[in-house]
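Single-letter residue listing:
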Amino acid sequence: MVAGGHRGAGQDRQGFLLDLVTDTDDDAQSLLKLARAAAKALGGPAEHAADCAVTLHRKGSAPASAGSSAAATALAEAEEAHVDGPMAQGALSRIVVVGTTASPPRWQAYRRRLQEHGYGLALAVPLRLEPEATGVLVLLVPAGAGFDSHLVQEAQSFAEVASRSLKLALDVHAVNRAGDNLKEVLEGRTSIDVACGVIMAQNRCSYSEAFGKLASASRQRSVKVRSVAEGILKAVPTAALAAQLEPQTFA
């Protein structure tokens, strides 16, 4: 039996994007939507349905993965721990099939885990997310099922769309995170500015010098500048603090 998705439709996927942004708050949720979409598009008939797993590798971050089923998720997580399969490679350069006796020796342990999780073969397709990230999409089929050349082409076509879609989702989440960080900074400006005013009054110094003192204390204590500022304000008598809230010009 050959696993396969929606064949014969002749649909050109190149002009399409998957919606990996709506109803997602972070990269992990987008990975889950992608894994489920891939299983639906390429999974084949119910009696031999394939699962899908996806792994994301980003510079400076731990790998992230998701699966369309509990077994696919467990397999992906096990691969992260063992770092010995196609998804752990991160920058996979070409499509590979793992599970046959001809599989590369370096993936024999992964082949055994495939069988332990109820799968016979894995079709690993690279996701192009450069320069900030790489990824791998893996189609997992049960024992007795296989892949034909048409499915391989479908998987490659799907991966091209998935790459653009996931990159867009990653960019959107990055912008949202930056916005949240900026909001936090702006919310902290009042306490920081007032604390600087207190320091200026006590030390007869400029705003930049006062902020420098806050920043130095922040580094020494390994806490945020805002936390240092709020600590100063709590220690200042209410009358003195009210005086600092009067309009003033910081040099």
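A short tour of the structure in this document, coming up. (Residues numbered from 1 in each chain as written. Predicted model: local features only at pLDDT ≥ 70, side-chain atom pairs only at ≥ 80, totals over all residues. Heavy atoms only, no water.)

Where side chains of opposite charge bring their charged atoms close, a pairing between them can arise. The full count for this structure, using the stated rule, is four salt bridges. Note that R113 and D84 form a salt bridge whose closest N and O atoms lie 2.6 Å from each other. With R113 in helix α3 (residues 108-116) and D84 in the loop between α2 (70-82) and β3 (96-98), this residue pair connects regions lying 29 residues apart in the sequence. With relative accessibility at 8%, the residue R113 sits in the buried group. When its relative accessible area of 15% is taken as the criterion, D84 is described as buried. K167 is paired through a salt bridge with D171; the nearest N and O atoms lie 3.7 Å apart. Here K167 and its partner D171 are both found in helix α4 (residues 149-203), four residues apart, which amounts to about one turn of the helix. (Salt bridge = Lys/Arg side-chain N within 4 Å of Asp/Glu carboxyl O. Helix = DSSP H or I, 4+ residues; strand = E, 2+ residues; numbered from the N terminus. Buried < 20%, exposed > 50% of the residue type's maximum accessible area, 1.4 Å probe, protein only.)

One finds L34, V54, L127, L137, F158 and L166 to be the most contacted residues of the largest nonpolar core, which totals 32 residues. Breaking this core down by element, the ones donating at least two residues are α1 (27-42), β1 (51-58), β4 (119-127), β5 (133-142) and α4. By residue number, the principal contributor to this core is α4, which donates eight residues. Those residues in contact with V54 that sit more than four places away from it in its chain are L31, L34, A35, A64, S65, A66, M87, L127, V136 and L137. (Core = buried A, V, L, I, M, F, W, Y, C linked by side-chain atoms within 4.5 Å. Contact = heavy atoms within 4.5 Å.)

We now examine the packing of helix α5 (residues 207-221) against helix α6 (residues 225-235). Packed helices, taken two at a time, are described by the angle between their axes plus the distance between the axes. Between α5 and α6, the shortest axis-to-axis distance is 8 Å and the interhelical angle comes to 110 degrees. With respect to α6, the axis of α5 lies roughly perpendicular. Where α5 abuts α6, its residues F211, L214, A215, A217, S218 and R221 lie against V225, V228, A229 and I232. For the contact of α5 with α6, the class distribution of residues is eight nonpolar, one polar and one charged. (Axes fitted to C-alpha atoms, helices over the stretch in contact; angles between N-to-C directions. Parallel < 35°, antiparallel > 145°, perpendicular 65-115°, else oblique. Nonpolar A, V, L, I, M, F, W, Y, C, P; charged D, E, K, R; others polar.)

Pairing is antiparallel in the open sheet, where five strands are placed in the order β2-β1-β5-β4-β3. In this open sheet, the two strands that pair with only one neighbour each are β2 (64-67) and β3. Along the sheet, successive strands turn relative to each other by an average axial angle of 20 degrees, direction set aside. Sheet strands touched by α1: β1, β2, β4 and β5. Its angle to β1, the strand with the most contacts, is close to 145 degrees. Packing of α3 onto the sheet brings it into contact with β3, β4 and β5, and relative to β4 it is tilted by some 120 degrees. (Pairing = 2+ DSSP bridges.)

Attention now moves to the side chain of D27. As for its position among the elements, D27 is in helix α1. Ignoring anything within four residues of it in the chain, the contact list for D27 reads R58, L170, H173 and R177.

Turning our eyes to something else, we now look at α1. Residues that lie three or four places apart on an α-helix share one face, since the helix turns once every 3.6 residues. Along its 16 residues, α1 runs 22 Å from first to last C-alpha, staying within 8% of the 22 Å computed at 1.5 Å per residue. For α1, the N-terminal cap is D26; the gap from its side-chain oxygen to the backbone nitrogen of A28 is 3.3 Å. G44 lies just past α1 and shows a positive phi near 85 degrees. (Expected span 1.5 Å × (residues − 1). Polar contact = N/O pair within 3.5 Å; in protein donor to acceptor, adjacent residues only side chain to side chain.)

All right, on to the pairing of β2 then. Bridging between β1 and β2 involves four bridges; their strand directions are antiparallel. Across the sheet, the residue bridging to L56 is A64, located in β2. What sits between the antiparallel neighbours β1 and β2 is a turn of five residues, in which G60 has the positive phi angle 80 degrees.

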